[in-house]
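Results of the structural survey
Now for the letters of each chain:
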Amino acid sequence: MHLNLKNMDTSTLHKGDRFEHVFLNEPVDIHIIQEAGSTVKIHILNLPSLQEKNEERLNRIIIDQTGPNCTTEIYGLAYLQGEAKVTTETHVNHLVGEGKSDQLIKFVLEDQAQGRFLGELKIAPDAQKVESHQTNRNLVLSADAEMRTQPQLEIYADDVQASHGASTGQLDEAALFYMQQRGISKQKARQLLVNAFMMDVINTISEESLRENLINTLSLD
Amino acid sequence: MAKLLEIKNLHASIAGKEILRGVNLTINEGEVHAIMGRNGAGKSTLSAVLTGHPAYTVTEGSVLLRGKDLLAMEPEIRAREGVFLSFQYPVEIPGVSMTNFMRAAINEKRAYEGKEPLSAKEFLTLMREKRKLVEMADKLSNRSVNEGFSGGEKKKNEIFQMAMLEPCLSILDETDSGLDIDALRIVAEGVNRLKTPHNASIVITHYQRLLDYIVPDFVHVLADGQIIKTGDKSLALELEEHGYEHLT
Ligand SMILES: Nc1ncnc2c1ncn2[C@@H]1O[C@H](COP(=O)(O)OP(=O)(O)O)[C@@H](O)[C@H]1O
Ligand SMILES: [Mg+2]
């Protein structure tokens, strides 16, 4: 299924259609209306060594599930250095029941980078049997970096499974020491932990060649 | 016999609290030293200080490894110089595979020694060979480091890593705790098979049970941050029978 995403307006994904795309350091500002049984799987990647250090960016995705049995998957990974500022906004609206949405959004922040995640999730009053998960995990590697997380959940239906979680932390000191005790330099140990943190987003990319490419470019293995 | 480790009047503290209060200990190549003592005596503190854990501050004293100032080295340099700690509580590292972790450890040590990295094939052969030593299941090396390992698997994994890295000084911190008798035997046999005339071990335990399997040349009792008594293996039996009370 091809959507014209160039002029961000609203695109409709018709009954049973599937839209899958990896936005790799591309601007993202899309609104997708999902009809019954349609599937969306989107990756938003802002990765270093592939992007300008100091850029500012807003990634925004709006999803309206307007028919039953829709699936929405949104994955985000931003690794920011220098003075980069990236905001990722997701607005997922379950307007009808029996839909699924899954979100995993991760930020890794170095230097003076600033990350912001705004995750708005609405489940309408009659949208029963919705299953919705939103997870935001952030790794802050420098005292000057800053992460802001704003989950906004508005759940009006009662028969739903909804979970959300957000956490921001540093590298695990015990793990770093354990690795150093085995002769691994602190720098390499940090790299292994950061890679591990990023891999579970990368691993969800369906297209194998792209996945392998990213793993190589970022030397994640 | 060549001197491997010389600890002199070692004082160390954590969070401003002095835990080690003048430890003296000399270890020669080929020796096995047991350190026993009550919970809280400072045994794990000694192993943390020897391996350079950043939470501890050495306030007095010196430690030489083969004549070199151990305390001046970064933790990873101490490791590459051959100091190995089998952790009392091995750390789980989700997302870092055993294979990548071990490859980094082996190749960084080799680079430090001026050697070429192992080829993929050599590395896997070495992994397989050393896994056998501790009867560790193949599948464990595809998993993340210690993640979801049982208590016994974690301890075996420590000895497996010790076998991979061939340290000159291994410190086994309560490697026996939480092991059933089979796992204990496997771990102890692994340790015994790794023994050479040129390496040495410090075996920390508060049960005499492990010392039936790994027979020490010396037994030291640590209490209140000092070694208060040293003897041969009969001291461990004595402690088992009479407890620590009659020593202090
Ligand atoms: N982070 C800490 N802050 C303050 N005291 C600590 C800390 N960690 C350990 N200790 C204290 O250090 C002492 C020695 O602990 P430890 O070396 O773990 O003993 P052992 O291994 O012999 O059981 C204990 O009294 C313990 O409470
Ligand atoms: Mg202890």
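Residues numbered from 1 in each chain as written. Chains lettered and ligands numbered in written order. Predicted model: local features only at pLDDT ≥ 70, side-chain atom pairs only at ≥ 80, totals over all residues. Heavy atoms only, no water.

Concerning the overall build of chain A
- Looking only at helices and strands, chain A features 3 helices and 12 strands.
- Its C-alpha radius of gyration of 18 Å places chain A within 12% of the 17 Å reference for a compact globule of 221 residues.
- C-alpha atoms of chain A, sized along the principal axes, occupy 55 × 35 × 30 Å.
- Across the 221 residues of chain A, 53% fall into the buried class.
- Counted over contacts in chain A with a minimum sequence separation of 6, partners at least 24 positions apart contribute 71%.
- Accessible area of chain A: about 9,800 Å², with a carbon and sulfur share of 42%.
- Computed over 20 positive and 32 negative side-chain charges, the inter-centroid distance for chain A is 4 Å. (Helix = DSSP H or I, 4+ residues; strand = E, 2+ residues; numbered from the N terminus. Rg over C-alpha atoms; globule rule 2.2 N^0.38 Å. Buried < 20%, exposed > 50% of the residue type's maximum accessible area, 1.4 Å probe, protein only. Contact = heavy atoms within 4.5 Å. Areas by Shrake-Rupley, 256 points an atom, 1.4 Å probe, with all protein chains shown as cover. Lys, Arg positive; Asp, Glu negative; His and termini not counted. Charge placed at Lys NZ, Arg CZ, Asp CG, Glu CD.)

Considerations on the packing of aromatic side chains
- One pass over the full model with this rule turns up 3 aromatic pairs over all chains.
- Taking the centre distance of 4.9 Å and the plane angle of 55 degrees together, the rings of Tyr 178 of chain A and Phe 87 of chain B count as tilted. Of this pair, Tyr 178 of chain A sits in helix 1 (residues 173-180) while Phe 87 of chain B sits in the loop between strand 6 (83-86) and strand 7 (93-97), placing the two residues on different chains. Residues Tyr 178 of chain A and Phe 87 of chain B agree in their burial class; the two are buried.
- Between Tyr 178 of chain A and Phe 101 of chain B the ring centres are 5.8 Å apart and the planes differ by 10 degrees, which places this aromatic pair in the stacked class. Highlighted residues: Tyr 178 of chain A in helix 1 and Phe 101 of chain B in helix 3 (residues 98-112), drawn from two different chains. Phe 101 of chain B shares its class with Tyr 178 of chain A; the two are buried.
- An aromatic cluster is built from Phe 177 and Tyr 178 of chain A together with Phe 87 and Phe 101 of chain B, whose rings are joined through pairwise contacts.
- In this structure, Lys 106 of chain A is placed above the aromatic ring of Phe 197 of chain A, and the distance from its NZ or CZ to the ring centre is 4.1 Å. (Phe/Tyr/Trp six-rings, centres within 6.5 Å; stacked < 30°, edge-to-face > 60°. Lys NZ or Arg CZ within 6 Å of the ring centre and 35° of its normal.)

Focus on the interface of chain B and chain A
- Contacts between chain B and chain A engage 29 residues on the former and 18 residues on the latter.
- Contact between chain B and chain A buries roughly 1,900 Å² in total, counting both sides, with carbon and sulfur atoms accounting for 67%.
- Considering only the side of chain B, the residues that lose the most area to chain A are Glu 76, Phe 87 and Val 91 of chain B, jointly responsible for 24% of the buried surface there.
- Put simply, chain B and chain A have 1 salt bridge between them.
- Linking Arg 182 of chain A and Glu 158 of chain B is a salt bridge whose minimum nitrogen-to-oxygen distance equals 2.7 Å.
- The interface formed by chain B and chain A contains 12 residue pairs in polar contact (both at pLDDT 80 or more).
- Broken down by secondary-structure element, the contributors of at least two residues to the side of chain B that touches chain A are helix 2 (75-80), strand 6, strand 7, helix 3 and helix 5 (151-165) of chain B.
- When residues of the side of chain B that touches chain A are assigned to their parent elements, the largest contribution, 5 residues, is made by helix 3 of chain B. (Buried area = accessible area lost by both parts, 1.4 Å probe. Salt bridge = Lys/Arg side-chain N within 4 Å of Asp/Glu carboxyl O. Polar contact = N/O pair within 3.5 Å; in protein donor to acceptor, adjacent residues only side chain to side chain.)

Some words on the site of ligand 1
All names here are of chain B.
- Taken together, Ile 14, Ala 15, Lys 17, Ile 19, Arg 38, Asn 39, Gly 40, Ala 41, Gly 42, Lys 43, Ser 44 and Thr 45 are the residues near ligand 1.
- Measuring from an oxygen atom of ligand 1, one finds a backbone N or O atom of Gly 40 at 2.7 Å.
- Between an oxygen atom of ligand 1 and a main-chain N or O atom of Ser 44, the distance comes to 2.8 Å.
- Of all the secondary structure elements, the ones that give two or more residues to the shell around ligand 1 are strand 2 (17-28) and helix 1 (43-51). (Near = heavy atom within 4 Å.)

Some points on the sheet that holds strand 3 (residues 28-34) of chain A
All names here are of chain A.
- Strand order in the open sheet formed by 6 strands is 1-3-5-7-9-11, and the pairing between neighbours is parallel. Edge strands, defined here as strands with exactly one partner in the open sheet, are strand 1 (10-13) and strand 11 (146-155). The sheet shows a mean angle of 10 degrees between the axes of neighbouring strands, taken without regard to direction. (Pairing = 2+ DSSP bridges. Axes fitted to C-alpha atoms, helices over the stretch in contact; angles between N-to-C directions.)

A closer look at the side chain of Thr 45 of chain B
- Structurally, Thr 45 of chain B is set in helix 1.
- What Thr 45 of chain B contacts, discounting residues up to four positions off in sequence, is Ile 19, Leu 20 and Tyr 56 of chain B.

Section: a negative patch on the surface
Residues and elements named next belong to chain B.
- Taken together, Asp 212, Glu 238, Glu 240 and Glu 241 make up a surface patch of like negative charges.
- One can find Asp 212 in the loop between strand 10 (200-204) and strand 11 (218-223).
- Note on Asp 212: relative accessible area 54%, which makes it exposed. (Patch = residues over 30% accessible without salt bridge, like charges linked within 9 Å, V, L, I, M, F, W, Y side chains within 5 Å.)

Some details on the domain arrangement of chain A
Residues and elements named next belong to chain A.
- Looking at chain A, the domain boundaries give domain 1 (10-170) and domain 2 (171-221).
- Contacts between the two partners involve 24 residues from domain 1, matched on the other side by 16 residues from domain 2.
- Interface of domain 1 and domain 2: buried area, both sides summed, is about 1,600 Å²; carbon and sulfur atoms make up 75% of it.
- The interface formed by domain 1 and domain 2 contains 1 salt bridge.
- Taken together, the connections running from domain 1 to domain 2 amount to 6 residue pairs in polar contact (both at pLDDT 80 or more).
- Breaking the side of domain 1 that touches domain 2 down by element, the ones donating at least two residues are strand 2 (18-24), strand 4 (39-46), strand 6 (71-80), strand 8 (100-109) and strand 10 (131-140). (Domains from an automatic or database assignment.)

Here we look at the coordination of the magnesium ion (ligand 2)
All names here are of chain B.
- For the magnesium ion (ligand 2), the full set of protein donor atoms is Ser 44 (OG) and Gln 88 (OE1), at a range of 2.1 to 2.3 Å. Here the residue Ser 44 occupies a position in helix 1, and Gln 88 occupies one in the loop between strand 6 and strand 7, the gap between them amounting to 44 residues.
- The exposure class assigned to Ser 44 is partly exposed, which follows from its relative accessible area of 30%.
- Judged by relative accessible area, which is 18%, Gln 88 ranks as buried. (Donors = N, O, S within 2.8 Å, 3.2 Å for Na, K, Ca; no water.)

Digging into the sheet that holds strand 2 of chain B
Residues and elements named next belong to chain B.
- Sheet architecture is open: 4 strands sit in the order 2-1-4-5, paired in antiparallel fashion. Every other strand in the sheet has two partners, leaving strand 2 and strand 5 (68-69) as the edge strands with one partner each.
- The pairing of strand 4 (residues 56-65) with strand 5 spans 2 bridges and is antiparallel. Bridge assignment links Leu 65 to a residue of strand 5, and that residue is Lys 68.

A few points about the pattern of salt bridges
- In this structure the tally under the stated criterion is 15 salt bridges over all chains.
- A salt bridge links Lys 106 of chain A to Asp 200 of chain A; the nearest nitrogen and oxygen atoms lie 2.8 Å apart. With Lys 106 of chain A in strand 8 and Asp 200 of chain A in helix 2 (residues 186-202), this residue pair connects regions lying 94 residues apart in the sequence.
- By relative accessible area, which is 36% here, Asp 200 of chain A ends up partly exposed.
- With a shortest N-O distance of 2.9 Å, Glu 81 of chain B and Lys 68 of chain B are connected by a salt bridge. Pair noted here: Glu 81 of chain B is in the loop between helix 2 and strand 6 and Lys 68 of chain B is in strand 5, with a separation of 13 residues, a long-range link.

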